[in-house]
Amino acid sequence: YMSRYYDDGAYNGYLGGSVYRKKGNQPFADTGAVYDKGAWVLHMLKAVMGESPFNRALRNYRSAHALGVASTPEIRSACEAEYGQPLDWFFDQWVYTPKRPIYHMTYTLGTGQVTVNIEQRQQHPVANRTSDRDVYFMWIPLWFHYADGSSEIRTVWNNQRSQTFTFSVSKPIQSVGLDEGHTILKVVQ
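Rules behind the numbers
- Residues numbered from 1 in each chain as written.
- Predicted model: local features only at pLDDT ≥ 70, side-chain atom pairs only at ≥ 80, totals over all residues.
- Heavy atoms only, no water.
- Helix = DSSP H or I, 4+ residues; strand = E, 2+ residues; numbered from the N terminus.
- Expected span 1.5 Å × (residues − 1).
- Buried < 20%, exposed > 50% of the residue type's maximum accessible area, 1.4 Å probe, protein only.
- Arc of directions from axis to C-beta.
- Pairing = 2+ DSSP bridges.
- Axes fitted to C-alpha atoms, helices over the stretch in contact; angles between N-to-C directions.
- Core = buried A, V, L, I, M, F, W, Y, C linked by side-chain atoms within 4.5 Å.
- Contact = heavy atoms within 4.5 Å.
- Salt bridge = Lys/Arg side-chain N within 4 Å of Asp/Glu carboxyl O.

Draft legend 1. Main features of helix α3 (residues 51-65). Over its 15 residues, α3 extends 21 Å from the first C-alpha to the last, a length consistent with the 21 Å expected when each residue adds 1.5 Å. For α3, the full list of buried residues reads P53, F54, A57 and Y61. Angularly, the buried residues of α3 cover 100° about the axis, an arc narrow enough to put them on a single face. Exposed side chains of α3 directed beyond 90 degrees from the buried face belong to E51, R59, R62 and S63. Where α3 ends, the next residue or the one after it, L67, has phi of about 65°, a positive value.

Draft legend 2. Up close: the sheet that holds strand β6 (residues 173-178). Overall, antiparallel pairing links the three strands, which are arranged β4-β3-β6 in an open sheet. With partners counted over all chains shown, the strands left at the sheet margins are β4 (151-158) and β6, one partner each. Each adjacent strand pair in this sheet contributes to an overall mean axis angle of 25°, direction not counted. Bridge count between strand β3 (residues 138-146) and β6: five bridges; the pairing is antiparallel.

Draft legend 3. Local environment of the nonpolar core. Counting residues in hydrophobic clusters, the biggest one holds 44 residues, and the most contacted among them are L87, F90, I118 and L142. In terms of residues, this core owes the most to one element, helix α2 (residues 31-49), which gives six residues. If we skip the residues at most four places from it in the chain, L87 touches L45, V48, M49, R76, C79 and E80.

Draft legend 4. Here's a closer look at helix α4 (residues 72-83). In this model α4 runs 16 Å from its N-terminal to its C-terminal C-alpha over 12 residues, within 8% of the 16 Å that 1.5 Å per residue would give. Looking at α4, one finds that the buried residues are I75, A78, C79 and Y83. Seen along its axis, α4 keeps its buried residues to an arc of 130°; they face one direction. Exposed and facing more than 90 degrees away from the buried side of α4 are P73 and A81. Phi turns positive one or two residues past the end of α4, at G84, with a value near 85°.

Draft legend 5. How the structure looks around the pattern of salt bridges. A complete count under the given rule lists seven salt bridges for this structure. Residues E80 and R76 are paired through a salt bridge, measuring 2.9 Å at the closest nitrogen-oxygen approach. Pair noted here: E80 and R76 are both in helix α4, with a separation of four residues, about one helical turn. You can call R76 partly exposed: its relative accessible area is 27%.

Treat this as a map of the structure, not an account of what it does.
Following this line, the structure appears as C-alpha coordinates:
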(Lines give C-alpha, C1' and ligand atoms only; values in the text may rest on other atoms or scores of the structure.)
Protein backbone atom coordinates (compact mmCIF):
# COMPACT_ATOMS: atom_id res chain seq x y z
CA TYR A 1 0.00 0.00 0.00
CA MET A 2 2.72 2.48 1.02
CA SER A 3 4.86 1.78 -2.04
CA ARG A 4 1.88 2.23 -4.39
CA TYR A 5 0.28 5.32 -2.85
CA TYR A 6 2.93 7.24 -0.93
CA ASP A 7 6.27 6.53 -2.56
CA ASP A 8 7.33 8.14 -5.82
CA GLY A 9 10.33 5.79 -5.91
CA ALA A 10 12.76 8.69 -6.38
CA TYR A 11 16.08 8.80 -4.55
CA ASN A 12 15.51 12.36 -3.36
CA GLY A 13 11.80 12.66 -4.09
CA TYR A 14 8.66 12.97 -2.00
CA LEU A 15 10.13 10.88 0.84
CA GLY A 16 13.66 12.25 0.40
CA GLY A 17 13.86 14.49 3.44
CA SER A 18 14.70 13.75 7.05
CA VAL A 19 12.04 12.55 9.48
CA TYR A 20 13.70 14.56 12.26
CA ARG A 21 13.00 18.27 12.72
CA LYS A 22 15.31 20.34 14.93
CA LYS A 23 13.61 22.58 17.49
CA GLY A 24 10.25 22.30 15.76
CA ASN A 25 11.22 24.79 13.06
CA GLN A 26 8.69 24.58 10.23
CA PRO A 27 7.22 21.18 11.20
CA PHE A 28 5.02 21.11 8.09
CA ALA A 29 7.76 22.11 5.62
CA ASP A 30 8.37 18.53 4.47
CA THR A 31 5.23 16.54 5.19
CA GLY A 32 6.34 13.70 2.88
CA ALA A 33 9.38 13.02 5.01
CA VAL A 34 7.96 13.80 8.43
CA TYR A 35 4.68 11.91 8.14
CA ASP A 36 4.82 9.42 5.27
CA LYS A 37 8.51 8.53 5.56
CA GLY A 38 8.02 8.51 9.34
CA ALA A 39 5.32 5.85 8.93
CA TRP A 40 7.62 3.83 6.67
CA VAL A 41 10.40 4.08 9.27
CA LEU A 42 8.07 2.55 11.85
CA HIS A 43 7.18 -0.19 9.33
CA MET A 44 10.91 -0.98 8.89
CA LEU A 45 11.58 -0.80 12.62
CA LYS A 46 8.85 -3.37 13.23
CA ALA A 47 10.48 -5.66 10.64
CA VAL A 48 13.89 -5.28 12.34
CA MET A 49 12.64 -5.77 15.90
CA GLY A 50 9.88 -8.30 15.28
CA GLU A 51 6.19 -7.59 15.73
CA SER A 52 5.82 -8.54 19.42
CA PRO A 53 8.86 -6.60 20.74
CA PHE A 54 7.88 -3.62 18.57
CA ASN A 55 4.31 -3.60 19.92
CA ARG A 56 5.54 -3.93 23.51
CA ALA A 57 7.94 -1.02 22.97
CA LEU A 58 5.12 1.19 21.69
CA ARG A 59 2.85 0.25 24.59
CA ASN A 60 5.63 0.94 27.11
CA TYR A 61 6.47 4.25 25.43
CA ARG A 62 2.83 5.31 25.52
CA SER A 63 2.46 4.32 29.18
CA ALA A 64 5.60 6.21 30.19
CA HIS A 65 4.91 9.34 28.13
CA ALA A 66 1.12 9.62 27.81
CA LEU A 67 -0.04 13.23 27.44
CA GLY A 68 3.59 14.34 27.09
CA VAL A 69 5.78 15.53 24.25
CA ALA A 70 7.11 12.94 21.81
CA SER A 71 10.87 12.48 21.82
CA THR A 72 13.00 10.59 19.33
CA PRO A 73 15.63 9.52 21.92
CA GLU A 74 12.87 8.28 24.24
CA ILE A 75 11.19 6.16 21.56
CA ARG A 76 14.59 4.77 20.59
CA SER A 77 15.28 3.90 24.24
CA ALA A 78 11.91 2.14 24.57
CA CYS A 79 12.62 0.14 21.40
CA GLU A 80 16.14 -0.79 22.52
CA ALA A 81 14.80 -2.01 25.87
CA GLU A 82 12.53 -4.50 24.08
CA TYR A 83 14.93 -5.35 21.25
CA GLY A 84 17.83 -5.94 23.63
CA GLN A 85 20.41 -4.31 21.33
CA PRO A 86 21.39 -0.78 20.31
CA LEU A 87 19.37 0.74 17.48
CA ASP A 88 21.51 3.81 16.85
CA TRP A 89 22.48 2.43 13.43
CA PHE A 90 18.80 2.25 12.48
CA PHE A 91 17.79 5.71 13.76
CA ASP A 92 20.89 7.37 12.26
CA GLN A 93 20.17 6.14 8.76
CA TRP A 94 16.36 6.23 8.68
CA VAL A 95 15.39 9.09 11.03
CA TYR A 96 18.29 11.56 10.83
CA THR A 97 19.53 10.94 7.27
CA PRO A 98 17.65 12.29 4.27
CA LYS A 99 17.20 10.22 1.11
CA ARG A 100 17.37 6.42 0.93
CA PRO A 101 19.68 3.63 -0.20
CA ILE A 102 20.04 2.62 -3.83
CA TYR A 103 20.45 -1.14 -4.27
CA HIS A 104 21.68 -3.04 -7.30
CA MET A 105 21.37 -6.81 -7.14
CA THR A 106 22.69 -9.50 -9.45
CA TYR A 107 22.65 -13.25 -9.07
CA THR A 108 24.28 -16.27 -10.67
CA LEU A 109 22.96 -19.80 -10.63
CA GLY A 110 25.07 -22.88 -10.07
CA THR A 111 24.31 -26.52 -9.46
CA GLY A 112 22.50 -26.62 -6.13
CA GLN A 113 23.34 -23.03 -5.30
CA VAL A 114 22.67 -19.38 -6.06
CA THR A 115 25.09 -16.51 -5.49
CA VAL A 116 23.62 -13.05 -4.88
CA ASN A 117 25.60 -9.80 -5.00
CA ILE A 118 24.10 -6.67 -3.42
CA GLU A 119 25.71 -3.33 -4.17
CA GLN A 120 24.74 0.00 -2.59
CA ARG A 121 25.07 2.95 -4.97
CA GLN A 122 23.86 5.97 -2.98
CA GLN A 123 26.32 8.85 -2.64
CA HIS A 124 25.16 10.57 0.55
CA PRO A 125 26.60 9.98 4.05
CA VAL A 126 24.62 8.46 6.90
CA ALA A 127 24.18 10.91 9.78
CA ASN A 128 26.27 10.53 12.96
CA ARG A 129 28.57 7.84 11.55
CA THR A 130 32.36 7.99 11.74
CA SER A 131 32.99 4.81 9.71
CA ASP A 132 31.03 3.21 6.87
CA ARG A 133 29.50 6.64 6.38
CA ASP A 134 27.94 5.87 3.01
CA VAL A 135 26.57 2.40 3.84
CA TYR A 136 23.10 1.49 5.06
CA PHE A 137 22.92 -1.47 7.45
CA MET A 138 19.76 -3.49 6.99
CA TRP A 139 18.22 -6.95 6.98
CA ILE A 140 17.24 -7.52 3.34
CA PRO A 141 14.69 -10.15 2.32
CA LEU A 142 15.62 -12.00 -0.86
CA TRP A 143 12.81 -13.76 -2.68
CA PHE A 144 13.78 -17.05 -4.34
CA HIS A 145 11.31 -18.07 -7.06
CA TYR A 146 11.68 -21.70 -8.07
CA ALA A 147 10.97 -23.31 -11.45
CA ASP A 148 8.18 -25.40 -9.87
CA GLY A 149 6.20 -22.21 -9.04
CA SER A 150 7.04 -22.14 -5.32
CA SER A 151 9.02 -19.41 -3.61
CA GLU A 152 10.71 -18.67 -0.31
CA ILE A 153 12.27 -15.70 1.44
CA ARG A 154 15.82 -15.75 2.78
CA THR A 155 17.05 -12.75 4.72
CA VAL A 156 20.61 -11.37 4.71
CA TRP A 157 22.36 -8.75 6.83
CA ASN A 158 23.73 -6.17 4.39
CA ASN A 159 26.36 -3.93 5.98
CA GLN A 160 28.84 -3.32 3.16
CA ARG A 161 28.93 -1.30 -0.03
CA SER A 162 29.22 -4.53 -2.04
CA GLN A 163 28.47 -7.91 -0.53
CA THR A 164 28.12 -11.45 -1.89
CA PHE A 165 25.99 -14.22 -0.39
CA THR A 166 25.90 -17.85 -1.50
CA PHE A 167 22.96 -20.13 -0.72
CA SER A 168 22.38 -23.84 -1.15
CA VAL A 169 19.11 -24.65 -2.88
CA SER A 170 17.40 -27.99 -3.39
CA LYS A 171 15.58 -27.18 -6.64
CA PRO A 172 16.10 -25.05 -9.75
CA ILE A 173 15.67 -21.29 -9.34
CA GLN A 174 13.80 -19.25 -11.92
CA SER A 175 14.53 -15.80 -10.46
CA VAL A 176 15.66 -13.88 -7.38
CA GLY A 177 14.05 -10.65 -6.17
CA LEU A 178 15.18 -8.06 -3.62
CA ASP A 179 12.61 -7.03 -1.00
CA GLU A 180 9.58 -7.73 -3.17
CA GLY A 181 7.33 -7.20 -0.12
CA HIS A 182 8.46 -3.54 0.14
CA THR A 183 9.76 -3.69 3.69
CA ILE A 184 12.61 -1.25 2.98
CA LEU A 185 12.33 2.31 1.69
CA LYS A 186 14.76 2.10 -1.21
CA VAL A 187 15.50 2.49 -4.89
CA VAL A 188 16.35 -0.69 -6.81
CA GLN A 189 18.38 -0.35 -9.98
